[in-house]
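Secondary and tertiary structure notes
Chain by chain, the residues:
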Amino acid sequence: SDNDCLKLVEYFRAQMRKDPDMASAVAAIRTLLEFLKRDKGETILGLRESLKWATDCLTGEDSSVAVSSGGELFLRFISLTSLEHQDLSRCKKVMEERGELFLEKISMSRTKVAKLCHTFIKDGAKILTHSYSRVVLRVLEKAAAEKKRFSVYVTESQPDSAGRQMAEALRKLNVPVTVVLDAAVGYVLEKVDLVIVGAEGVVESGGIINKIGTYQMAVCSKAHNKPFYVVAESFKFVRLYPLNQQDVPDKFKYKADTLKTVQNLSEEHPMIDYTPPSLITLLFTDLGVLTPSAVSDELIKLYL
Amino acid sequence: MADAGEPEGPERKDDIVKAKQEGKELTKEEKQRLRKEKKQQKKSKEKKDDKPSRDSEKEKKPASAASPAPQTPTQPPAQKAPSAAPAPVPVPASETPSAADKPAKSKAELKAERRARQEAERASKGKKGDVGPQAAPGKPKAPPSELQPVVKRLPEHVQVDNPEVLKKLAKKLERQQTPEYNAATKVKIPLRSDYGYKVSLFSHLHQYSRKAPLTQQLGIPSTVIHPAIVRLGLQYSQGIVAGSNARSVALLHAFKQVIRDYTTPPNEELSRDLVNRLKPYISFLNQCRPLSASMGNAIKYIKKEISNIPSQCKEEEAKRKLLNCIDCYINEKIVLAAKAIAKYSIEKISDGDVILVYGCSSLVNHILCEAFEKNRKFRVIVVDSRPRLEGREALRRLVQKGINCTYVLISAVSYILPEVSKVFLGAHALLANGYVMSRVGTSQIALVAKAFNVPVLVCCETYKFCERVQTDSFVSNELDDPDDLIVTRTGTTQLEHWQEVPSLGLLNLVYDVTPPDFVDLVITDLGMIPCTSVPVVLRVKNVDQ
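Just so it is clear, the structure is predicted and the values come from calculations on it, not from any experiment.

On to the overall build of chain A. Along the backbone of chain A there are 13 helices and 10 strands. Its C-alpha radius of gyration of 20 Å places chain A within 12% of the 19 Å reference for a compact globule of 304 residues. The principal-axis extent of the C-alpha atoms belonging to chain A is close to 65 × 45 × 35 Å. Going through the 304 residues of chain A one by one, you find that 52% of them count as buried. Counting only contacts in chain A whose residues sit at least 6 apart along the sequence, the fraction spanning at least 24 positions is 74%. Total accessible area on chain A is roughly 14200 Å²; 52% of this is exposed by carbon and sulfur atoms. When the 41 basic and 40 acidic side-chain charges of chain A are each reduced to a single mean position, those positions are 6 Å apart.

Here you go:
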């Protein structure tokens, strides 16, 4: 079974390499679909169990919230149909078809989000964003394609300097971009008109889990009365409900290899933080433009 | 309509009278015909009024809003005799036959009644239909809008300072009768009178004294209200049974006893008659102590179950089914819900937590005991307030389990809050706009906790969710006996003669509402939801049913 785990992880990594622009959750779901096709289980329950095991395997490789939420939603989506055929292979076929449908839907999700959000970027706007987010990049691409003129401030986002990657990508689009220190967020906020960030996970309360530094940015933008927008696909909705920063489970806070190797987690620095819903103005998802209190409504529809 | 029915009426009536006299069981057809005739007679009487069908609707709307049960006067044959149908303003010839039947009433009285009706009609125009089940044979009524959110305006029984409304309420209570074919035994539910001076902001609410329970005004033997219900009413009004869950469970058990002792009268169907039998009991209980939201939901459920009994069902089987339904309801909505909520809450309790609780909520106590059994290390701070001092009961239960507890009064809350990591509160009801209605003092604690950035968690079962909307604690509340405030810890009673001081009023509030901004999380048996998602749960529940 360890061997199988390794094979899964290899496939996952291969998918990520093939298309670096793809979200890690989408790659995970592709892997799960492939796993389903190859699985030789005899019962539906066994199938579900092995899918859960596969999701755990993948979270061991990439510990982001999106992988775990994407896996759970995939499982729910495919089993949400009537599986009353006598024949197991027929059931499996149905599940596979649903899986393909799910994959297709979520591949379109980034485009849908971009279509919704780019109208909120007015001509001459100054935007602040945090770290490297492919969804935000897609939104800014769409806005640039609509011939809007705007400039972007990106935070460096230590410890992995992902912000510089974002700045590179934006320069290729001919968008004027400035990289600022994480500590300079308060300083720069009076110059910007709006703040757009991505999310790794959207929680039940309507808050988000994102790269560390997002919470600070949200608090500052609230103090300056600037709108704080979040762009996220719907497979990132997760059934967590953190009450504060400490309440976020450890398995999401640190990178996967850190969790495996390090003994004392309190000496490690967390990679993500939690932004409560009171600081968020709007969320742009492929289900529509939502207020933070509507997220719970959508979650109930997705999960119940 | 009445006229169309007349020609056949008399013949069929003869048949039925004959059948009755022969002691035969009426067939279903005959029963229906009998009912139709009664309806037609009532209609023909009321048609002769100023306002024809609107009258029945009007009488229904305020009455239906007043109690969870819709008022549908299925008139027993007693009303065929000259009875309380009010005589109207001089209207052409058709008046004369009815005028002959009606009892003599003075013109002034009639005018006053008509004015009261007009007021009620104006008030009820804004209301949408009752969401409650239409148990009895329906007179034309606004269809219950169950799919759209129902906005209920203030029910008229909570307008105690409006004398016309009071008069109407008294009349309604008089008119509530157990449908017996001989009009000899009529239930008279006495009207409880208010006690003492009421603070002007709350003068629209009732304020009763515990020393004058409603049962003193009932005659002995009170054969018309079931003794289990009388006992329950007394337990409510004296505060022996207190707490939202306890009251609902006691109510359901009393109803089980009523159902066990019930026998269907010869010409009626169980599904209709039993509901009518329950109505005076519910009014009686309401007079003893205003019904809570959870009790209202339980009553709605029972009425729905009763009216869904198929008519060909035998009485024994129907009773068994009903008893079973009630047991299931208690089990699912209260017992199992508590287990589910405990399971979710334990995830939120971590080792080293300091948890603050207020008053005595059976659910919160259950959660803390469960968490303690699962070996979580935490300690509890119990906050208490006068005059009920319910926190002592909670303290007793927790200390018995072995949980480390501290006890403070509510005046010390801002002193101990810096030590607290979480606040767990119980709820009496969750309103449709996300407000939490709970024991008075809860919103104070939530406010202070918010100021100290301490997360506030409310635990509430879904059967306590109600479709009412309220933004402040004034519009609908309960006033307890003001004499409770007189006695202090040292036993001195300086306020003993408060009634003699004209400028002094004592206010003993029971509930208050907490806005959703102060509540971080609501734990229900469906899972953990934010406070603003209560209408979503209500919608999902309505769709399920």
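Bringing the sheet that holds strand 7 (residues 228-231) of chain A into the picture now. Residue and element names in this part refer to chain A. In spatial order, the strands read 3-2-1-4-7-9-10; together these seven strands make up an open sheet with mixed pairing. Only two strands of the sheet have a single neighbouring strand rather than two, namely strand 3 (177-180) and strand 10 (288-290). Mean inter-strand twist for the sheet, computed between neighbouring axes without regard to direction, equals 25°. With three bridges connecting them, strand 9 (residues 282-285) and strand 10 associate as antiparallel partners. The partner of L283 across the bridge, within strand 10, is L290. Contacts from helix 6 (residues 109-117) reach strand 4 (194-197), strand 7, strand 9 and strand 10 within the one sheet, and its direction differs from that of strand 9 by about 135°. Strands in contact with helix 8 (residues 162-172) are strand 1 (125-130), strand 2 (150-155) and strand 3; relative to strand 3, the strand with the most contacts, it is inclined by about 170°.

This part is about the interface of chain B and chain A. Counting residues at the interface gives 14 residues for chain B and 11 residues for chain A. Taken together, both faces of the contact between chain B and chain A bury some 1100 Å²; the carbon and sulfur share is 59%. Considering only the surface of chain B that becomes buried against chain A, K348, M528 and P530 of chain B emerge as the three largest contributors, covering 33% of it. Linking chain B with chain A are two salt bridges, by the criterion used here. Across the pair D297 of chain A and R539 of chain B runs a salt bridge whose closest N-O atoms are separated by 3.2 Å. Between the two partners, chain B and chain A, sit five residue pairs in polar contact (both at pLDDT 80 or more). The set of elements that each furnish at least two residues to the side of chain B that touches chain A consists of strand 10 (527-529) and helix 17 (534-544) of chain B. At three residues, helix 17 of chain B tops the list of elements feeding residues into the side of chain B that touches chain A. In the side of chain B that touches chain A, the residues fall into eight nonpolar, two polar and four charged.

Residues and elements named next belong to chain B. Taken in spatial order, the seven strands of this open sheet run 3-2-1-4-7-9-10, and their pairing is mixed. The strands lining the two open edges of the sheet, one partner per strand, are strand 3 (404-409) and strand 10. Here the average twist between neighbouring strands, direction ignored, is 25°. Note: strand 2 (residues 378-384) against strand 3, six bridges, orientation parallel. When the bridges of strand 3 are listed, V380 appears paired with C405. Packing against the sheet, helix 12 (residues 315-348) makes contact with strand 1 (353-358), strand 4 (422-426), strand 7 (456-459), strand 9 (521-524) and strand 10, and its axis sits at approximately 145° to strand 9.

Moving on: the domain arrangement of chain A. Residues and elements named next belong to chain A. The domains assigned to chain A are domain 1 (1-107) and domain 2 (113-303). For domain 1 and domain 2, the distance between their C-alpha centres works out to 27 Å. In this assembly, 22 residues from domain 1 lie in contact with 18 residues from domain 2. Across the domain 1 to domain 2 interface the summed buried area is about 1600 Å²; carbon plus sulfur atoms make up 60%. A per-residue breakdown of the area domain 1 buries against domain 2 is headed by S63, V65 and L73, which together make up 37% of the total. Counting every contact that joins domain 1 to domain 2 gives zero salt bridges.

Bringing the packing of aromatic side chains into the picture now. In this structure the tally under the stated criterion is nine aromatic pairs over all chains. When the ring of Y301 of chain B is compared with that of Y329 of chain B, the centres are 4.4 Å apart and the planes differ by 20°; the resulting orientation is stacked. With a gap of 28 residues between them, Y301 of chain B in helix 11 (residues 293-307) and Y329 of chain B in helix 12 connect regions that are remote in the sequence. Joined through ring pairs, the aromatic side chains of F120, Y229 and F284 of chain A make up one cluster. One residue, R247 of chain B, lies across the ring of Y236 of chain B, its end atom 5.6 Å from the ring centre. Seen from the ring of Y344 of chain B, K343 of chain B lies directly overhead, with NZ or CZ sitting 5.3 Å from the centre.

Our next topic: helix 10 (residues 270-288) of chain B. Residue pairs spaced three or four apart in an α-helix point in one direction, given the helix's 3.6 residues per turn. The end-to-end C-alpha separation of helix 10 of chain B is 27 Å, in line with the 27 Å expected for 19 residues at 1.5 Å each. Counting buried positions along helix 10 of chain B gives 18 out of 19 residues, so the element sits mostly inside the fold.

A side chain with one charge may pair with a side chain of the opposite charge, provided their charged atoms come close. Residues and elements named next belong to chain B. Applying the stated rule across the entire model yields 34 salt bridges over all chains. A salt bridge links D480 to R210, with the nearest nitrogen and oxygen atoms 3.1 Å apart. Of the two residues, D480 sits in the loop between strand 7 and strand 8 (511-514) while R210 sits in the loop between helix 7 (163-175) and helix 8 (227-238), which places them 270 residues apart along the sequence. For D480, a relative accessible area of 10% gives the class buried. Here R210 falls in the partly exposed class, since its relative accessible area comes to 24%. For the salt bridge of E393 with R396, the shortest nitrogen-to-oxygen distance reads 2.8 Å. With E393 and R396 both in helix 14 (residues 391-401) and three residues apart, the pair spans about one turn of that helix. Ionic contacts of the salt-bridge type, sharing partners, join the residues R210, R388, E390, R439, D480 and D484 into one network.

Thresholds, definitions, all that
- Residues numbered from 1 in each chain as written.
- Chains lettered and ligands numbered in written order.
- Predicted model: local features only at pLDDT ≥ 70, side-chain atom pairs only at ≥ 80, totals over all residues.
- Heavy atoms only, no water.
- Helix = DSSP H or I, 4+ residues; strand = E, 2+ residues; numbered from the N terminus.
- Rg over C-alpha atoms; globule rule 2.2 N^0.38 Å.
- Buried < 20%, exposed > 50% of the residue type's maximum accessible area, 1.4 Å probe, protein only.
- Contact = heavy atoms within 4.5 Å.
- Areas by Shrake-Rupley, 256 points an atom, 1.4 Å probe, with all protein chains shown as cover.
- Lys, Arg positive; Asp, Glu negative; His and termini not counted.
- Charge placed at Lys NZ, Arg CZ, Asp CG, Glu CD.
- Pairing = 2+ DSSP bridges.
- Axes fitted to C-alpha atoms, helices over the stretch in contact; angles between N-to-C directions.
- Buried area = accessible area lost by both parts, 1.4 Å probe.
- Salt bridge = Lys/Arg side-chain N within 4 Å of Asp/Glu carboxyl O.
- Polar contact = N/O pair within 3.5 Å; in protein donor to acceptor, adjacent residues only side chain to side chain.
- Nonpolar A, V, L, I, M, F, W, Y, C, P; charged D, E, K, R; others polar.
- Domains from an automatic or database assignment.
- Phe/Tyr/Trp six-rings, centres within 6.5 Å; stacked < 30°, edge-to-face > 60°.
- Lys NZ or Arg CZ within 6 Å of the ring centre and 35° of its normal.
- Expected span 1.5 Å × (residues − 1).

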